Amino acid sequence: MVAAAALLLALDTGEELVRVALPLVLLPPGLLMVISLINPWYVDRYVLYALAGLALLAGARLARARARWAWAAVAALLVPFALWSVWLRTPESRKDDVLAVAAAVRERARPGDAVLFMPARRREWLLSSPDVYASVRDLALDRSPAASHSLWGTELGPAAIRGRLAHAPRVLALLDPVGQPLDPYPAEAAKREALAAGFELCGVSEVRGARVALYARPGRCAT
(Lines give C-alpha, C1' and ligand atoms only; values in the text may rest on other atoms or scores of the structure.)
Protein backbone atom coordinates (compact mmCIF):
# COMPACT_ATOMS: atom_id res chain seq x y z
CA MET A 1 0.00 0.00 0.00
CA VAL A 2 2.84 2.39 0.87
CA ALA A 3 4.67 1.54 -2.34
CA ALA A 4 1.56 2.08 -4.46
CA ALA A 5 0.90 5.45 -2.84
CA ALA A 6 4.52 6.50 -3.38
CA LEU A 7 4.46 5.54 -7.06
CA LEU A 8 1.19 7.42 -7.56
CA LEU A 9 2.53 10.54 -5.89
CA ALA A 10 5.77 10.32 -7.89
CA LEU A 11 3.89 10.88 -11.15
CA ASP A 12 4.49 14.39 -12.49
CA THR A 13 6.79 15.19 -9.55
CA GLY A 14 10.20 16.79 -10.01
CA GLU A 15 12.86 14.33 -11.15
CA GLU A 16 15.42 15.34 -8.51
CA LEU A 17 12.94 14.90 -5.66
CA VAL A 18 11.82 11.51 -6.99
CA ARG A 19 15.43 10.30 -7.11
CA VAL A 20 15.72 10.98 -3.38
CA ALA A 21 12.23 10.24 -2.07
CA LEU A 22 11.22 7.11 -4.01
CA PRO A 23 14.26 5.00 -3.05
CA LEU A 24 13.79 6.14 0.54
CA VAL A 25 10.24 4.76 0.52
CA LEU A 26 10.90 1.53 -1.34
CA LEU A 27 14.44 0.31 -0.60
CA PRO A 28 14.61 -0.05 3.24
CA PRO A 29 11.39 -2.07 3.62
CA GLY A 30 12.02 -3.92 0.37
CA LEU A 31 15.50 -5.03 1.38
CA LEU A 32 14.36 -6.04 4.86
CA MET A 33 11.50 -8.09 3.37
CA VAL A 34 13.98 -9.93 1.13
CA ILE A 35 16.29 -10.61 4.10
CA SER A 36 13.29 -11.84 6.09
CA LEU A 37 12.83 -14.66 3.61
CA ILE A 38 15.98 -16.09 5.22
CA ASN A 39 15.82 -14.60 8.74
CA PRO A 40 12.59 -13.04 10.12
CA TRP A 41 14.03 -9.61 10.88
CA TYR A 42 11.24 -7.42 9.49
CA VAL A 43 9.76 -5.17 12.17
CA ASP A 44 7.76 -2.04 11.35
CA ARG A 45 9.75 0.24 13.62
CA TYR A 46 12.97 -0.60 11.75
CA VAL A 47 11.67 1.07 8.59
CA LEU A 48 9.41 3.86 9.86
CA TYR A 49 11.95 6.43 8.69
CA ALA A 50 11.17 5.35 5.11
CA LEU A 51 7.83 7.17 5.41
CA ALA A 52 9.80 10.43 5.22
CA GLY A 53 10.10 9.76 1.49
CA LEU A 54 6.33 9.46 1.21
CA ALA A 55 5.93 12.74 3.07
CA LEU A 56 8.32 14.42 0.62
CA LEU A 57 6.34 13.18 -2.36
CA ALA A 58 3.02 14.17 -0.81
CA GLY A 59 4.36 17.63 0.01
CA ALA A 60 5.64 18.13 -3.52
CA ARG A 61 2.29 17.06 -4.96
CA LEU A 62 0.43 19.44 -2.67
CA ALA A 63 2.73 22.27 -3.65
CA ARG A 64 1.94 21.64 -7.32
CA ALA A 65 -1.77 21.06 -6.85
CA ARG A 66 -4.11 23.67 -8.31
CA ALA A 67 -7.46 21.88 -8.28
CA ARG A 68 -9.62 20.65 -5.43
CA TRP A 69 -9.64 17.09 -6.72
CA ALA A 70 -5.87 16.88 -6.23
CA TRP A 71 -6.20 17.82 -2.57
CA ALA A 72 -9.01 15.29 -2.17
CA ALA A 73 -6.89 12.55 -3.77
CA VAL A 74 -3.97 13.22 -1.42
CA ALA A 75 -6.32 13.26 1.58
CA ALA A 76 -7.81 9.94 0.48
CA LEU A 77 -4.32 8.46 0.34
CA LEU A 78 -3.52 9.68 3.84
CA VAL A 79 -6.65 8.27 5.51
CA PRO A 80 -5.48 4.62 5.41
CA PHE A 81 -2.13 5.65 6.91
CA ALA A 82 -3.88 7.49 9.74
CA LEU A 83 -5.98 4.40 10.48
CA TRP A 84 -2.90 2.18 10.31
CA SER A 85 -1.02 4.50 12.68
CA VAL A 86 -3.87 4.34 15.20
CA TRP A 87 -3.99 0.54 14.94
CA LEU A 88 -0.23 0.29 15.58
CA ARG A 89 -0.83 1.85 19.00
CA THR A 90 -3.28 -0.82 20.12
CA PRO A 91 -2.39 -4.09 21.94
CA GLU A 92 -3.88 -6.06 19.02
CA SER A 93 -1.08 -4.86 16.71
CA ARG A 94 1.63 -6.52 18.80
CA LYS A 95 2.66 -10.16 18.90
CA ASP A 96 2.60 -10.06 22.70
CA ASP A 97 1.12 -7.89 25.44
CA VAL A 98 3.72 -7.17 28.13
CA LEU A 99 1.21 -5.36 30.33
CA ALA A 100 -1.08 -8.40 30.31
CA VAL A 101 1.87 -10.63 31.23
CA ALA A 102 2.76 -8.33 34.12
CA ALA A 103 -0.86 -8.27 35.29
CA ALA A 104 -1.00 -12.09 35.28
CA VAL A 105 2.20 -12.29 37.33
CA ARG A 106 0.94 -9.63 39.75
CA GLU A 107 -2.28 -11.60 40.25
CA ARG A 108 -0.60 -14.95 40.91
CA ALA A 109 2.61 -13.98 42.71
CA ARG A 110 2.97 -14.38 46.46
CA PRO A 111 5.82 -13.22 48.72
CA GLY A 112 8.84 -15.45 48.21
CA ASP A 113 7.80 -16.71 44.76
CA ALA A 114 10.43 -17.15 42.08
CA VAL A 115 10.20 -16.48 38.36
CA LEU A 116 11.77 -18.26 35.40
CA PHE A 117 11.86 -16.82 31.91
CA MET A 118 11.63 -19.63 29.38
CA PRO A 119 13.42 -18.71 27.18
CA ALA A 120 15.67 -16.09 28.79
CA ARG A 121 14.85 -13.41 26.21
CA ARG A 122 11.31 -13.26 27.61
CA ARG A 123 12.72 -11.30 30.57
CA GLU A 124 11.68 -8.27 28.50
CA TRP A 125 8.06 -9.01 29.46
CA LEU A 126 8.61 -7.85 33.05
CA LEU A 127 11.40 -5.30 32.66
CA SER A 128 8.83 -2.69 31.62
CA SER A 129 6.96 -3.28 34.92
CA PRO A 130 9.71 -2.87 37.53
CA ASP A 131 7.29 -3.05 40.46
CA VAL A 132 6.14 -6.52 39.38
CA TYR A 133 9.67 -7.66 38.49
CA ALA A 134 10.95 -6.60 41.91
CA SER A 135 8.26 -8.63 43.69
CA VAL A 136 9.54 -12.00 42.42
CA ARG A 137 12.96 -13.62 42.64
CA ASP A 138 14.61 -14.07 39.25
CA LEU A 139 16.11 -17.52 39.77
CA ALA A 140 18.22 -17.87 36.65
CA LEU A 141 19.61 -14.31 36.50
CA ASP A 142 23.37 -13.93 36.79
CA ARG A 143 23.90 -10.31 35.71
CA SER A 144 21.17 -7.73 35.12
CA PRO A 145 20.71 -6.03 31.73
CA ALA A 146 22.37 -2.89 33.09
CA ALA A 147 25.32 -4.77 34.57
CA SER A 148 25.84 -6.93 31.49
CA HIS A 149 25.17 -4.11 28.98
CA SER A 150 22.62 -6.31 27.24
CA LEU A 151 18.90 -6.30 26.52
CA TRP A 152 17.91 -9.21 28.77
CA GLY A 153 20.85 -9.75 31.10
CA THR A 154 22.87 -12.93 31.37
CA GLU A 155 21.85 -16.16 33.06
CA LEU A 156 23.57 -18.79 35.18
CA GLY A 157 24.72 -22.13 33.85
CA PRO A 158 22.56 -25.28 34.00
CA ALA A 159 24.00 -26.59 37.28
CA ALA A 160 23.52 -23.28 39.10
CA ILE A 161 19.94 -22.98 37.82
CA ARG A 162 19.14 -26.49 39.08
CA GLY A 163 20.68 -25.59 42.44
CA ARG A 164 18.51 -22.51 42.85
CA LEU A 165 15.38 -24.35 41.78
CA ALA A 166 16.04 -27.00 44.43
CA HIS A 167 15.22 -24.45 47.14
CA ALA A 168 12.22 -22.76 45.50
CA PRO A 169 8.74 -23.64 46.83
CA ARG A 170 6.78 -21.97 44.01
CA VAL A 171 7.86 -20.83 40.55
CA LEU A 172 6.11 -18.67 37.98
CA ALA A 173 7.35 -19.73 34.54
CA LEU A 174 6.90 -17.20 31.72
CA LEU A 175 6.56 -19.22 28.52
CA ASP A 176 6.06 -18.74 24.82
CA PRO A 177 2.62 -19.55 23.38
CA VAL A 178 1.69 -23.14 22.63
CA GLY A 179 3.26 -24.39 19.41
CA GLN A 180 6.49 -22.38 19.61
CA PRO A 181 9.71 -24.41 19.34
CA LEU A 182 11.62 -25.02 22.56
CA ASP A 183 15.07 -23.45 22.83
CA PRO A 184 17.66 -26.26 22.75
CA TYR A 185 20.29 -24.49 24.90
CA PRO A 186 21.52 -26.39 27.99
CA ALA A 187 20.30 -23.74 30.44
CA GLU A 188 16.79 -23.81 28.95
CA ALA A 189 16.73 -27.61 29.02
CA ALA A 190 17.82 -27.50 32.67
CA LYS A 191 14.86 -25.27 33.55
CA ARG A 192 12.37 -27.61 31.88
CA GLU A 193 13.90 -30.74 33.39
CA ALA A 194 14.04 -29.32 36.93
CA LEU A 195 10.42 -28.16 36.80
CA ALA A 196 9.26 -31.51 35.45
CA ALA A 197 11.22 -33.48 38.07
CA GLY A 198 10.50 -31.51 41.23
CA PHE A 199 7.28 -29.55 40.71
CA GLU A 200 3.69 -30.00 39.63
CA LEU A 201 1.86 -27.64 37.31
CA CYS A 202 -0.84 -25.78 39.26
CA GLY A 203 -2.30 -23.75 36.40
CA VAL A 204 -1.61 -21.71 33.29
CA SER A 205 -2.81 -18.22 32.37
CA GLU A 206 -2.76 -17.47 28.64
CA VAL A 207 -2.41 -13.89 27.47
CA ARG A 208 -1.58 -12.39 24.10
CA GLY A 209 1.65 -14.01 22.93
CA ALA A 210 2.58 -15.61 26.25
CA ARG A 211 1.73 -18.12 28.98
CA VAL A 212 2.22 -17.66 32.73
CA ALA A 213 2.47 -21.07 34.40
CA LEU A 214 2.47 -21.60 38.15
CA TYR A 215 4.53 -24.52 39.50
CA ALA A 216 4.67 -25.71 43.11
CA ARG A 217 6.10 -28.61 45.05
CA PRO A 218 3.91 -31.72 44.85
CA GLY A 219 0.76 -31.34 46.94
CA ARG A 220 1.27 -27.62 47.56
CA CYS A 221 -0.64 -26.04 44.69
CA ALA A 222 -3.55 -25.12 46.97
CA THR A 223 -1.38 -23.54 49.67
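Caption draft 1: Spotlight on the overall build of the chain. A tally of helices and strands in the chain yields 10 helices and seven strands. Looking at the chain residue by residue over its 223 residues, the buried ones come to 38%. In the chain, of all internal contacts separated by at least 6 residues, the share reaching a separation of at least 24 is 66%. Entry remark: accessible area of the chain is about 13,100 Å², with carbon and sulfur atoms responsible for 64%.

Caption draft 2: Just the state of the cysteines, in detail. Applying the stated criterion to the full structure yields one disulfide. Across the disulfide, C202 is cross-linked to C221 (sulfur-sulfur distance 2.0 Å). Here the S-S torsion is close to -80°, and the disulfide linking C202 with C221 is therefore left-handed. With C202 in strand 6 (residues 200-207) and C221 in the segment after strand 7 (210-216), the pair connects residues that are 19 residues apart, well separated along the chain. C202 sits in the partly exposed class, given a relative accessible area of 28%. Exposure remark for C221: the relative accessible area of 23% places this residue in the partly exposed category.

Caption draft 3: A look at the nonpolar core. By size, the foremost hydrophobic cluster in this structure holds 18 residues, and its most contacted members are L116, L165, V171 and L195. Contributions of two or more residues to this core are made by strand 1 (114-118), helix 9 (158-165), strand 5 (170-175), helix 10 (186-198) and strand 7. Once you skip the residues sitting within four places of it in the chain, L165 turns out to touch L116, L139, V171, K191, A194, L195, F199 and R217.

Caption draft 4: Quick peek at the sheet that holds strand 1. Sheet architecture is open: five strands sit in the order 2-1-5-7-6, paired in mixed fashion. In this open sheet, the two edge strands, each paired with only one partner strand, are strand 2 (137-138) and strand 6. Strand contacts of helix 5 (residues 98-108): strand 5, strand 6 and strand 7, with the helix running at about 145° to strand 6, the strand carrying the most contacts.

Caption draft 5: Highlighting the packing of aromatic side chains. Tallying each qualifying case throughout the model produces one aromatic pair. Directly above the aromatic system of F199 lies the positively charged group of R217, at a separation of 4.0 Å from the ring centroid.

How each quantity is defined
Per chain, residue numbering runs from 1 following the sequence as it is written. Local features in this predicted model are restricted to residues whose pLDDT is 70 or higher, and side-chain atom pairs enter the listing and the counts only when it is 80 or higher, whereas totals over whole chains, interfaces and linings include all residues. Side-chain measures here rest on the full set of heavy atoms in the structure, leaving out hydrogens and waters. Secondary structure elements are defined from DSSP: runs of H or I of at least 4 residues count as helices, runs of E of at least 2 residues count as strands, and each element is numbered from the N terminus. A simple rule labels every residue: compare its accessible area, found with a 1.4 Å probe on the protein chains alone, to the largest value its type can have, and call it buried under 20%, exposed over 50%, or partly exposed in between. Contacts: residue pairs with any heavy atoms within 4.5 Å of one another. Here, Shrake-Rupley sampling with a 1.4 Å probe gives the accessible areas, and only protein chains in the shown set may cover a residue. For this text, the term disulfide refers to a pair of cysteine sulfurs within 2.5 Å. Among buried residues, those of type Ala, Val, Leu, Ile, Met, Phe, Trp, Tyr and Cys that are joined through side-chain atoms within 4.5 Å constitute a nonpolar core. When DSSP finds at least two bridges between two strands, those strands are taken to pair. Convention adopted: a line fitted to C-alpha atoms gives each axis, helices being fitted over their contacting stretch, and angles between N-to-C directions are expressed from 0 to 180 degrees. Aromatic rings from Phe, Tyr and Trp, with only the six-membered ring used for Trp, were paired whenever their centres fell within 6.5 Å, and each pair was classed as stacked if the ring planes differed by under 30 degrees, edge-to-face if by over 60, and tilted otherwise. The criterion is that NZ of a Lys, or CZ of an Arg, lies within 6 Å of the ring centre and within 35 degrees of the ring normal, and then a charge sits over that ring.

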